[in-house]
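Structural overview for review
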Amino acid sequence: MENVDMKSQAVYKKPTFMEKYSSLIKYILKRLLLMIPVILIISLIIFTIVEFMPGDPLNAFLNPEQLTGTTEEILQKRQFFIEKLGLDDPFLVRFFRWWGQILRGEFGYSVIKNKPVKDFIGEHFMNSFRVNIYGFAIAFIIAIIVGIKSAVKRNSIFDKCWTVFSIAGISLPRFFIAMLLIFIFSITLGWLPISGMSDPLGLRPEFQYYILPVSVITLALLAPLIKYVRNSMLEVLKQDYIRTARAKGLGEKVVIYRHAFRNALIPVVTLIGAYIPALFGGSIIVEKIFVWNGIGSLIRDSYTFRDRSVLIIALTFFALLTLLGNLMQDVGYSLVDPRVREGGNK
């Protein structure tokens, strides 16, 4: 009997963290390694496009309207900057030298800000990140709660109200939502500031400046997310195993949250991964309306004034963000359904 008990304990030994998630860790490492050549190729494309944009890159350092001296002196100045910036080097030499600078933490020099890019670009990223992540987190939590309840109470008044909200929300562009909220809460009621990131006089708390831009992002994401969660839950609730679970006498909460929700989460996780890079791209309009000093406004200004160093870094960041979003999407998918990381063979 003792031998049988020992065998039973051996069979049911709880796996360690590494044993349980070793395949997932290998999967993530493999994907991260695959991202290296991909980001190199994408950055090469971005570098090429930006380098060949119209306009003389030297004008950023030598304004033709402010140049003084003889023709020979002007040509000497131009030649000095050409050699200093390495503009006469072959294209690939300039590209790999740029990567070398990136790896050393040098992101170039901004002609708009008149200072190194590394001195300010992190602040712009964080400003965009905060406002987007707050909006996304609020929208995701509400969408999960409302989407599940709408699916469970299909065709109820609750479901119909949120369905109408989803249709209206999907139809309205972000700038319209922003203008509507500004009109109601800033102009009519005077509760919130119209724009800006802080009050220079300190009369308003800083969090008030977050409310309207975060609300616009939340409302813009909430409508499609609710619709997606609801439809996903409805599809799962039709499955045979849900009917079987109910026939066994399991409680409705157990059926919904233990059996239905996990499977309904698979397409939702897929959608979230795709939303993350789109969040930052879509925030350009919000940042413009609310005069938010984020990465969107930085890209707009750097494109307008041909600030090449900033533009290359910002676009490469978006490319990297898209790749990380896809990785998060696949990792989330594999957590929900382990067959994904096992290649579908398990």
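Rules of the game
- Along every chain, residues carry numbers that run from 1 in the direction the sequence is written.
- Residues qualify for local features only when their pLDDT is at least 70, as the model is predicted, and side-chain atom pairs are given and counted only at 80 or more; totals for whole chains, interfaces and linings, by contrast, use all residues.
- Side-chain calculation: all heavy atoms of the structure are included, whereas hydrogens and water are not.
- Every case where a carboxyl oxygen of Asp or Glu lies within 4 Å of a side-chain nitrogen of Lys or Arg is listed as a salt bridge.
- Numbering of helices and strands runs from the N terminus, with a helix taken as a DSSP run of H or I at least four residues long and a strand as a DSSP run of E at least two residues long.
- Each residue is placed in one exposure class: buried if its accessible area under a 1.4 Å probe, protein chains only, is under 20% of its type's maximum, exposed if it is over 50%, and partly exposed if it falls in between.
- Aromatic pairing here means that ring centres of Phe, Tyr or Trp (its six-membered ring) are within 6.5 Å. Orientation follows from the plane angle: under 30 degrees is stacked, over 60 is edge-to-face, and everything else is tilted.
- In this scheme, Lys NZ or Arg CZ marks a charge over a ring once it lies within 6 Å of the ring centre and within 35 degrees of the ring normal.
- Here, residues are in contact when the closest pair of their heavy atoms is within 4.5 Å.
- With axes taken as lines fitted to C-alpha atoms, and helix axes fitted only over the stretch in contact, angles between N-to-C directions fall between 0 and 180 degrees.
- Oblique is the label for any angle not covered by the other classes, which are roughly parallel (under 35 degrees), roughly antiparallel (over 145) and roughly perpendicular (65 to 115).
- What makes a crossing left-handed is the near helix being turned counterclockwise from the far one by less than a right angle; a clockwise turn instead makes it right-handed.
- Three residue categories are used. Nonpolar comprises Ala, Val, Leu, Ile, Met, Phe, Trp, Tyr, Cys and Pro, charged comprises Asp, Glu, Lys and Arg, and polar comprises the others, including Gly.
- Here, nonpolar core means buried Ala, Val, Leu, Ile, Met, Phe, Trp, Tyr and Cys residues that are tied together by side-chain atoms lying within 4.5 Å of each other.

1. Describing the pattern of salt bridges
- Within the structure shown, the criterion is met by five salt bridges.
- In this structure, Arg 230 and Asp 159 form a salt bridge, with 2.7 Å as the shortest nitrogen-oxygen distance. Of this pair, Arg 230 sits in helix H8 (residues 207-237) while Asp 159 sits in helix H6 (residues 157-171), placing them 71 residues apart in sequence. Just as Arg 230 is buried, Asp 159 falls in that class too.

2. What about the packing of aromatic side chains?
- Taken as a whole, this structure holds 15 aromatic pairs when the rule is applied.
- Where Phe 125 meets Phe 317, the ring centres are 4.1 Å apart and the plane angle is 35 degrees; that geometry is what we call tilted. Of the two residues, Phe 125 is situated in helix H5 (residues 121-152) and Phe 317 in helix H12 (residues 308-336); the sequence distance between them amounts to 192 residues.
- Under the relative-accessibility criterion, Phe 125 is labelled buried at 16%.
- Considering the side-chain rings of Trp 162 and Phe 165, the 5.2 Å spacing of their centres and the 80 degrees angle between planes classify their relative orientation as edge-to-face. Placement of both Trp 162 and Phe 165 in helix H6 is noted, with a separation of three residues, approximately one turn of the helix.
- Given the relative accessible area of 24%, Trp 162 is considered partly exposed.
- The structure contains a cluster of three or more aromatic residues connected by ring pairs, namely Phe 47, Phe 52, Phe 91, Phe 95, Phe 96, Trp 98 and Trp 99.
- Note that Lys 149 overlies the ring of Phe 158, its terminal NZ or CZ placed 4.9 Å from the centroid.

3. Brief notes about the side chain of Ser 186
- For Ser 186, the position within the fold is in helix H7 (residues 174-188).
- Not counting the four nearest positions on each side in its chain, Ser 186 is found in contact with Leu 181, Leu 192, Pro 193, Ile 194 and Leu 212.

4. Re the packing of H7 against H8
- Where H7 meets H8, the closest approach of the two axes is 9 Å, and the angle between their N-to-C directions is 135 degrees. What the angle tells us is that H7 and H8 run oblique. Handedness of the H7/H8 crossing: right-handed. Of the residues in H8, those in contact with Arg 174, Ile 177, Ala 178, Leu 181, Ile 182, Phe 185 and Ser 186 of H7 are Leu 212, Ser 215, Val 216, Ile 217, Leu 219, Ala 220 and Leu 221.
- Partitioning the contact of H7 with H8 into residue classes produces eleven nonpolar, two polar and one charged.

5. Considerations on the environment of Cys 161
- Relative to the helices and strands, Cys 161 is located in helix H6.
- A residue is classified by how much of its surface remains accessible, and Cys 161, at 48% relative accessible area, is partly exposed.
- For Cys 161 and Ser 150, which are eleven residues apart along the polypeptide, the C-alpha to C-alpha distance reads 9.4 Å.

6. Brief notes about the nonpolar core
- Val 216, Leu 221, Leu 225, Met 233, Leu 237 and Phe 290 are the most contacted members of the largest nonpolar core, which has 43 residues in total.
- For this core, the elements supplying multiple residues, two or more each, are H5, H7, H8, helix H9 (240-247) and helix H10 (252-289).
- Broken down by element, the residue count for this core peaks at 15 residues, all from H8.
- Formed by 29 residues, the second largest nonpolar core is a distinct cluster that contains Leu 24, Tyr 27, Phe 120 and Ala 314.

7. Concerning the packing of H6 against H8
- Packing of H6 against H8 leaves a shortest axis separation of 8 Å and a crossing angle of 130 degrees. On the basis of their axis angle, the class for H6 and H8 is oblique. Crossing hand, H6 versus H8: left-handed. Where H6 approaches H8, its residues Asp 159, Trp 162, Thr 163, Phe 165, Ser 166, Gly 169 and Ile 170 are matched on the opposing element by Leu 219, Leu 222, Ala 223, Pro 224, Ile 226, Lys 227 and Arg 230.
- Its residues assigned to classes, the contact of H6 with H8 comprises eight nonpolar, three polar and three charged.

In short, shape yes, function no, at least from these values alone.
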